[in-house]
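These are the residues of each chain, in order.
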Amino acid sequence: MDNFRYMKPATLEEAISSKSELGNKANFLLGGTDLFIAMDKGVTVPDAVIDLKGIESLKYLEERDGSIYIGATVTWTELLESELIKKHAPGLWEASDLVASVGVRNTATLVGNLCNAVPSLEGGAPLYVRDAVVFLEGKDGRREVAVKDFFTGVKRTVLKEDELMTGLKIPVVQDFGEVYIKMGRYEGEDLAQAGVSVFVDKNNNYRISLSAVAITPVRATKAENFLKGKKLNDELAAEAAELALEAISPISDLRSSKEYRIHMCRIMVKRGLVASVSRMETGLPALSTRLI
Ligand SMILES: Cc1cc2nc3c(=O)[nH]c(=O)nc-3n(C[C@H](O)[C@H](O)[C@H](O)COP(=O)(O)OP(=O)(O)OC[C@H]3O[C@@H](n4cnc5c(N)ncnc54)[C@H](O)[C@@H]3O)c2cc1C
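Residues numbered from 1 in each chain as written. Predicted model: local features only at pLDDT ≥ 70, side-chain atom pairs only at ≥ 80, totals over all residues. Heavy atoms only, no water.

1. Some points on helix 10 (residues 234-244)
Threshold: Summary of the burial criterion: residues with accessible area below 20% of their type's maximum are buried, those above 50% are exposed, and those between are partly exposed, where the area comes from a 1.4 Å probe applied to protein chains only. Secondary structure follows DSSP: runs of H or I at least 4 residues long count as helices, runs of E at least 2 residues long count as strands, and numbering of each begins at the N terminus. Note that the arc is computed from the directions linking the helix axis to the C-beta atoms. Contacts are assigned to residue pairs with any non-hydrogen atoms lying within 4.5 Å of each other. Polar contacts here mean pairs of N or O atoms no more than 3.5 Å apart (in protein, one a potential hydrogen donor and the other a potential acceptor; neighbouring residues in sequence count only if both atoms are side-chain atoms).
Buried within helix 10 we find L236, A237, A240, A241, L243 and A244. Buried residues of helix 10, viewed axially, fall in a sector of 160°; they line one side. Tucked into the core, helix 10 has its buried residues touching strand 13 (206-211), helix 9 (221-227) and helix 11 (258-282). In this structure N233 caps helix 10, since a side-chain oxygen of it lies 3.1 Å from the backbone nitrogen of E235.

Printed below as a string of structure tokens:
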């Protein structure tokens, strides 16, 4: 790894001012579990690293004004230990349990995961089905962006050079069922071969999102529209799963072939639909679901 300057601002203003000055020669740092690996491999070679973990205003995880607010420094472990997340965002809670391992989760953050923007990211699908909104701040001020508009490609987002993500919010809803299913090659540290999030509410509105099967997470809107207002049964779930496949464009890579991803997404969407409806009806709590 090349030498770099380490900066640890105490305020958001300082962080933004340093990034505005250094532009793409500097990288923000949260847990470092993506950044340091990229630096070690020489893929990312910043002159400076701006550590955000000392900024108190980025440390929050709370319910307020009908939403759950999650600050940038919140780790996967903190999400997993949060009763608020388990109750109000069980899909995200399940994803938190399936990211990497305890050691990585203790330092890695959801916001770092989103900003890194690789297709296999665990944080995308559970936020897509909840219409979450991310907070971006730079020298020209603060803006809110729907998470569905945040990703623009592989490792590409709408973040401007001087901007950072300060946090996000998830609207609180009542009477719903939700699930996140990850397919990996084995138990333990492995990126997803595919990820599926499903949400349903008592009016039979369904939301389905898939990750690791396109360059960004996707919403299966055709399947959602097909199911809208209908009470789920096995045939409808199978038809919707077929329609959901139209939203994805998987590739073959070292983790999976394209054909296997398609085959398993069909199964995961169907199972996700059945599980989320069953959770809504029975009030069963979240529990992590990994297919291997
Ligand atoms: C062994 C191992 C296993 C893993 N397993 C998984 C897994 O199962 N699922 C999964 O999804 N990921 C996995 N990862 C990837 C990684 O742990 C996650 O993506 C993690 O959430 C990244 O968070 P971080 O806080 O470490 O981000 P960092 O590494 O600190 O940052 C990631 C990127 O975002 C930028 N950045 C950081 N903060 C901001 C900000 N506030 N605003 C703008 N840009 C910012 C950084 O400059 C960097 O480019 C794994 C990594 C390792 C090393």
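That was the structure; now back to the text.
2. Remarks on the environment of L245
For L245, the position within the fold is in the loop between helix 10 and helix 11. Each C-alpha atom of the pair L245 and K160 lies 32 Å from the other, and the pair is 85 residues apart in sequence. Not counting residues up to four positions away in its chain, the partners in contact with L245 are I262, C265 and R266.

3. Topic: the site of the ligand
We apply this condition: Throughout, the term near means that a residue has one or more heavy atoms lying within 4 Å of the molecule or strand in question. Note on areas: Shrake-Rupley with a 1.4 Å probe; residue coverage comes only from the protein chains shown.
Neighbouring the ligand are 32 residues; F28, T33, D34, T109 and E122 lie closest to it. Taking F28, its main chain carries an N or O atom lying 2.6 Å from an oxygen atom of the ligand. L35 has a polar backbone atom sitting 2.7 Å from an oxygen atom of the ligand. Compared with its free state, where it exposes 990 Å², the ligand has 89% of that area covered by protein. Elements represented by at least two residues in the shell around the ligand include exactly strand 2 (26-29), helix 2 (35-40), helix 7 (110-116) and strand 10 (164-171). Take the shell around the ligand: its biggest share by element is 5 residues, from helix 7.

4. With respect to the sheet that holds strand 10
The strands that make up a sheet are held in pairs by hydrogen bonds between backbone atoms, and each pair lies either parallel or antiparallel. Quick reminder of the rule: In short, DSSP must find at least two bridges between two strands for them to pair. Axis definition: a line fit to C-alpha positions, over the contact stretch in the case of helices; interaxial angles, taken between N-to-C directions, run 0 to 180 degrees.
Taken in spatial order, the 5 strands make up an open sheet running 4-5-10-6-7, and their pairing is antiparallel. In the strand order of this sheet, the two ends are held by strand 4 (61-64) and strand 7 (141-146), each with one partner. In this sheet, adjacent strand axes meet at a mean angle of 25° when their direction is disregarded. As paired strands, strand 6 (residues 133-138) and strand 10 are joined by 5 bridges and run antiparallel to one another. Bridge pairing links V133 to K169 in strand 10.

5. So, the domain arrangement of the chain
Cut-off, in case you're wondering: An automatic or database domain assignment supplies the start and end points of every domain.
Entries for the chain in the domain assignment read domain 1 (5-51), domain 2 (56-171) and domain 3 (176-291). Taking only C-alpha atoms, the centre of domain 1 and the centre of domain 3 are 35 Å apart.

6. Considerations on the pattern of salt bridges
Between side chains of opposite charge, a pair can form when the charged atoms approach closely. Applicable threshold: Here a salt bridge means any side-chain nitrogen of Lys or Arg lying within 4 Å of a carboxyl oxygen belonging to Asp or Glu.
Under the counting rule described, the total for this entry stands at 19 salt bridges. Linking D131 and R219 is a salt bridge whose minimum nitrogen-to-oxygen distance equals 3.0 Å. Taken as a pair, D131 in the loop between helix 8 (124-128) and strand 6 and R219 in strand 14 (residues 218-219) lie far apart in primary sequence, 88 residues in all. Put simply, K148 and D149 hold a salt bridge, and the shortest N to O gap is 3.3 Å. On the accessibility criterion, K148 (54% relative accessible area) is exposed.

7. Digging into the environment of A100
Here A100 shows up in the loop between helix 5 (90-98) and helix 6 (102-105). Discounting chain neighbours no more than four positions away, the residues touching A100 are R105, G188 and E189.

8. A closer look at unusual backbone geometry
In the Ramachandran plot, D175 falls in the positive-phi region, its phi being about 50° despite a non-glycine side chain. Phi is positive for A212, close to 70°, though the residue is something other than glycine. Mapped onto the elements of the fold, A212 is located in the loop between strand 13 and strand 14. A relative accessible area of 9% means that A212 is categorised as buried.

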